[in-house]
Structure formats: structure tokens, C-alpha cells
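Letter by letter, the chains look like this.
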Amino acid sequence: MESNHKAGFVNIIGNPNVGKSTLMNAFVGEKLSIITSKAQTTRHRILGIVNGDDFQVILSDTPGIIKPAYDLQSSMMNFVKSAFEDADILIYMVEIGEKALKDEAFFEKIKNSKIPVLLLLNKVDTTTQEILEEQVQYWQEKLPTVELHPISALSNFNVKNVFQRILELLPNAPAYYPKDQLTDKPERFFVNETIREKILMYYKKEIPYAVEVETEEFFEDEKIIRIRSVIMVERETQKGIIIGHKGSALKRVGVESRKDLEKFFDKQVHIELYVKVNKNWRNDSRQLKRFGYNG
């Protein structure tokens, strides 16, 4: 039976905000990657696993490609580089109106890739047929060796066909992970990401990018999960903004995170949030390593 089983790694790359996380969540059917309209939402490579009787697709959502401005961003770009190294199939995602990657070297890598590359032209539901045809022609000239598929990850247009194509291209191999596994990340990781998503949604300017979340306690018993998480910021002023007037802003983050986590874990959740100043953590390699960036 194993000889008819397909398995492999499908890595999704592209500029920030093109819909990589939305696509992965559409494939997996669970909200594994946080999705907001702010750039650089995804900081790690997040693995989502789609299992069938005769296949296992291991999807990896990577941070959007940028020119790094500080150590945290350099570490994020290392996650993207590694996506080229272990992929069986590469998904390069662009959106309507986009002309190139923010990094020319990555573009060359895609052009000369030895593995199958699917170029997904996303957000086609936001454009006209004429513009779509122009875009298709533009990308076919730019990357003649890759396979192009127009999609809308958000409204699920053509997503099933792309997934079918992935299954066709996957090598024959046994499963890499247990068949009931959805991701390679621990529970605390999703707690951190959920809280970080709320901070991205509710706070403006620099605040979300100066924040890291660490879950210090995660206790699960039969009826309830008790969580204690610390929101780290770089400056005292940011701490005040996160907490808000009489703690109202922090309370909202807690309430909204709890709702999402109860859905995710299918269990009652009690969550306590604290805010701590952790000066300059984005440029501190020891701290970055602790948060899982400079592995």
C-alpha cells in the first residue's frame, strides 16, 4: 500500500500580504497562520499538515520577503531561505498588480528552481478580466518555466484545483508525521500567535512589531485550559499603550484571544495576560534564540 502513498513538503513564499497564510488555512481547514492586513504577520515557518488515506501534504507558510532592517527580520528571512532547501514543491504567490519580489536573489532562485514551482496569482476576485489576462501574460514572460494558476484564497476560487495539482506532483513516499497530526508546533505557539494576532488588529504603528508573546504556563485538565502569557514590549511607553486606560485595551486582547482559543482547543479557556518591558529584544540574538528565531 505504501508505494501508492504520496507525501512531501510544499513551501509557500512571496511578498508580505499576498495571502500566503489565507491559502494555507484554506488548504488545512484550520486557522493555523495568523491573518491580518499588516505586513510581516508571519514570523516563523508554520507547518500545516493535510492528511488523506493515500497522501500527506506538509505545508509551510513563510514570512513575507523583505529587505531586513534589524536582526529579527534577518532571522525571518532565514526561514524563507530554508524553504528552498527542503521543498518538494514550491508555491510562489503573487497578487494582482504586483511586479516582482522585494529581493532579486530570491527571484533568480525561483527562476532556476529544479523542483516544480506553482505560481499562484491571488486576489483575482478584485480585478477585471482584461487586467487578469495582462497579468497572466506578464508572469508567463517573466517566469516561463513555472506553472501559473489564478486563484482567490479568500473566496476559495480554484483552491481545490491547485491542491489537486499538488497531489499529482508529490513524490511517492510514506507519511512523515502521524496521520492525526495537524501541525508540528506546540500548543503554546498557537496561544502566542493568537494573542499576537489580536495585538496586530487592535494597535497601530510600531506597537505590534515591538511585541513578542511568551506563554509561561499552559495547564490543561478535563474541563478547562489555564494559560498565563506575557506580552513583551521594548519600552515603558509601549507598555502603557498595550494596557490602555484602566487596563481596558489589555482586557479586550484577553477576551478576544480567549474566544479564538476556545474554538481552537474546543475547550473552556482561562487566560491571564501580563505586560513586561524587555528592552531591544529584536536586536538581541540571545533573546531571539529564546523566542525560536535564530535556531
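Residues numbered from 1 in each chain as written. Predicted model: local features only at pLDDT ≥ 70, side-chain atom pairs only at ≥ 80, totals over all residues. Heavy atoms only, no water.

### Description of the overall build of the protein chain
This is how the line gets drawn: The helix count covers DSSP runs of H or I at least four residues long, the strand count covers runs of E at least two residues long, and both are numbered beginning at the N terminus. Relative accessibility thresholds used throughout: buried, under 20% of the residue-type maximum; exposed, over 50%; partly exposed, between the two (1.4 Å probe, protein chains only). Only heavy atoms matter for contacts: two residues are in contact if any of them lie within 4.5 Å across the pair. Calculation of accessible area relied on Shrake-Rupley with a 1.4 Å probe; when residues are assessed, cover is drawn exclusively from the protein chains displayed.
A count of helical and extended segments in the protein chain gives nine helices and nine strands. When each of the 295 residues of the protein chain is scored for burial, the buried share is 52%. Expressed as a percentage of contacts within the protein chain between residues at least 6 apart in sequence, the contacts between residues at least 24 apart total 72%. Put simply, the protein chain shows about 14,400 Å² of open surface, and 50% of that area lies on carbon and sulfur atoms.

### Notes on the pairing of strand 1 (residues 6–14)
Worth spelling out the cut-off: Should DSSP find at least two bridges between two strands, the strands are regarded as paired.
Counting buried positions over the nine residues of strand 1 gives eight, a clear majority of the element. In terms of strand pairing, strand 1 meets strand 4 (residues 89–95) through five bridges, oriented parallel. Residue pairing for strand 4: Gly14 is matched across the bridge by Met93.

### Examining the packing of aromatic side chains
Defined as follows: In summary, the pairing rule links any two rings of Phe, Tyr or Trp, Trp by its six-membered ring, whose centres are within 6.5 Å, and it sorts them by plane angle into stacked for under 30 degrees, edge-to-face for over 60 and tilted for everything else.
Tallying each qualifying case throughout the model produces six aromatic pairs. For the pair Phe27 and Phe163, a centre-to-centre distance of 5.3 Å together with 50 degrees between the ring planes defines the contact as tilted. Taken together, the residues Phe27 in helix 1 (residues 20–28) and Phe163 in helix 5 (residues 159–169) connect sequence positions 136 residues apart. Relative accessible area serves as the criterion here: at 9%, Phe27 is assigned to the buried category.

### Section: the nonpolar core
For clarity, the cut-off: Take the buried residues of types Ala, Val, Leu, Ile, Met, Phe, Trp, Tyr and Cys, join any two whose side-chain atoms come within 4.5 Å, and each joined set is a nonpolar core.
Counting 24 residues, the largest nonpolar core has Leu23, Phe27, Val57, Ile91 and Ile166 as the members making the most contacts within it. Counting residues per element, the ones that place at least two in this core are strand 1, helix 1, strand 3 (55–61), strand 4, strand 5 (117–122) and helix 5. Residue contributions to this core peak at five residues, all from helix 5. What Phe27 contacts, discounting residues up to four positions off in sequence, is Val50, Leu59, Ile91, Val159, Val162, Phe163 and Ile166.

### Some thoughts on the pairing of strand 4
Judged by how many residues are buried, strand 4 sits mostly within the fold: six of seven residues are covered. In this structure, strand 4 lies alongside strand 5, joined through six bridges in parallel fashion. The partner of Val94 across the bridge, within strand 5, is Leu121.

### Side note on the side chain of Lys198
To keep it simple, the criterion reads: Side-chain atoms alone can form a polar contact between residues adjacent in sequence; in general such a contact is a pair of N or O atoms within 3.5 Å, and within protein one must be able to donate a hydrogen while the other accepts it.
In this fold, Lys198 is placed in helix 6 (residues 187–202). The buried category is assigned to Lys198, whose relative accessible area is 5%. At a separation of 3.3 Å, a polar atom in the side chain of Lys198 contacts the side chain of Glu197. Setting aside anything within four residues of it in sequence, one finds Lys198 in contact with Val253, Glu256, Ser257 and Asp260.

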